[in-house]
Amino acid sequence: MRHVIALDVGGTGMKAALVGVDTAPSGGTPPVLLYEARRPTGRERGPEAVVEAILGFAAELRELGTARYGAPAAAAGVAVPGIVDERSGTAVYAANLGWRDVPMRALLSERLGGVPVALGHDVRTGGLAEGRIGAGRDADRFLFVPLGTGIAGAIGIGGRIESGAHGSAGEIGHIVVRPGGRECGCGQRGCLETLASAAAVGRDWAAACGDPQANAADAARAVASGDARAHTVWQRAVDALADGLVTGLTLLDPQTLIIGGGLAEAGDTLFTPLREAVRRRVTFQRLPSIVPAALGDAAGCLGAGLLAWDLLSTEVTA
């Protein structure tokens, strides 16, 4: 069976799959994953070891595909965090993984016997999957915002994801919503992700409740149970998030706002106050639908498979 390799690299772990080309999505139907696996990135061993772990994992998948389906993968797609130059196939910088200017596409293609490889930014790749086969499949314009350790965004336009002139489009987490506020890792103060990411909510709730091990999920449960302290922490994050999202929708005018990541797992505890907070802030803008992401933590791997499938589609139509 003709198939591709899909690989989603995170800060601590990697998710991978073999995807059958003949089962590529159409009409919003997700691709069929023939095989799935996970590995740690091994970032504690340094950036060179992380790169080797990625290459080695991809090579294992190639061997497995050859053994099971009679031929090696026809292409590969890989999603990585940080700053990514998708045109040149370079992983420019990732603070969590410690690398700089890694020619990831070329290295992977060489390790995989010369097959075509597509490199994508992790959030934009997840957004591609949400747009084609997830929560944004009926929207021509959408903004996908996962709320995790940080906050980023993917701008969906007509079936593709906008990467920007320099590969950094969609960095909504670094919109300053509270000038002079908390210091952000980017060097600014008051960035959205310092207030409304899952990490920020967890930190604030830990301080409020006195439990240093408390996290955002604990905060959500406390809100649902009626804890006034948790409500204060939660509403502060929701208000900051609404300010950032309204800035985004004013610039982009999307049909749909797709909210994902760990914080979105709170369900109505997040979405009910967030929809109301956004509604209160809009004036002339058209209020978009605000919906939860549909694909969960599989979005990056599914998106990487779509990137690889697109390479083969381009070859056929070229």
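Throughout what follows, the structure given in this document is the object of discussion. Sequence order as written defines the numbering, with residues in each chain counted from 1. Under the rules for a predicted model, residues below a pLDDT of 70 receive no local features and side-chain atom pairs below 80 are neither given nor counted, while totals for whole chains, interfaces and linings still include all residues. Hydrogens and water molecules were not included; the side-chain quantities draw on all heavy atoms of the structure.

## Structural notes on the sheet that holds strand S4 (residues 76–80)
Thinking step 1. Strand pairing is defined by DSSP finding a minimum of two bridges between the two strands. A run of DSSP states H or I qualifies as a helix once it reaches four residues; a run of E qualifies as a strand once it reaches two. Both are numbered from the N-terminal end. Pairing in this open sheet of five strands is mixed, and the strands run S3-S2-S1-S4-S8 from one edge to the other. The open sheet terminates on both sides in strands that have one partner only, identified here as strand S3 (33–40) and strand S8 (117–121). Averaged over all neighbouring strand pairs, the angle between strand axes comes to 15 degrees, with direction disregarded.
Thinking step 2. Bridge count between strand S1 (residues 3–9) and strand S2 (residues 13–20): seven bridges; the pairing is antiparallel. With axes taken as lines fitted to C-alpha atoms, and helix axes fitted only over the stretch in contact, angles between N-to-C directions fall between 0 and 180 degrees.

## Brief notes about unusual backbone geometry
Thinking step 1. In this structure, Asp 101 is a non-glycine residue whose phi angle is positive, near 50 degrees.
Thinking step 2. Structurally, Asp 101 can be placed in strand S7 (residues 99–102).
Thinking step 3. Although it is not a glycine, Asp 253 adopts a positive phi angle of roughly 50 degrees.
Thinking step 4. You can see Asp 253 is positioned in the loop between helix H7 (228–252) and strand S12 (256–260).
Thinking step 5. On the accessibility criterion, Asp 253 (49% relative accessible area) is partly exposed. Accessibility here uses a 1.4 Å probe with only protein chains present; expressed as a share of the type maximum, an area under 20% marks a residue as buried, one over 50% as exposed, and anything in between as partly exposed.

## Focus: the nonpolar core
Thinking step 1. Core analysis: the biggest nonpolar cluster contains 43 residues, and Trp 234, Leu 245, Ile 259, Leu 274 and Val 278 have the highest contact counts within it.
Thinking step 2. Listed by contribution, the elements that provide at least two residues to this core are strand S9 (141–146), helix H4 (193–196), helix H5 (198–209), helix H6 (216–224), H7, S12 and helix H8 (268–281).
Thinking step 3. Ranked by the residues each element gives to this core, the list is headed by H7, at 11 residues.
Thinking step 4. Beyond its immediate chain neighbours, meaning those up to four positions away, Ile 259 contacts Val 145, Leu 147, Leu 245, Ala 264, Leu 270, Phe 271, Leu 274, Ile 290, Val 291, Pro 292 and Ala 293. For our purposes a nonpolar core is just a set of buried Ala, Val, Leu, Ile, Met, Phe, Trp, Tyr and Cys residues, chained together by side-chain atoms within 4.5 Å. By the convention used here, residues are in contact when the closest approach between their heavy atoms is within 4.5 Å.

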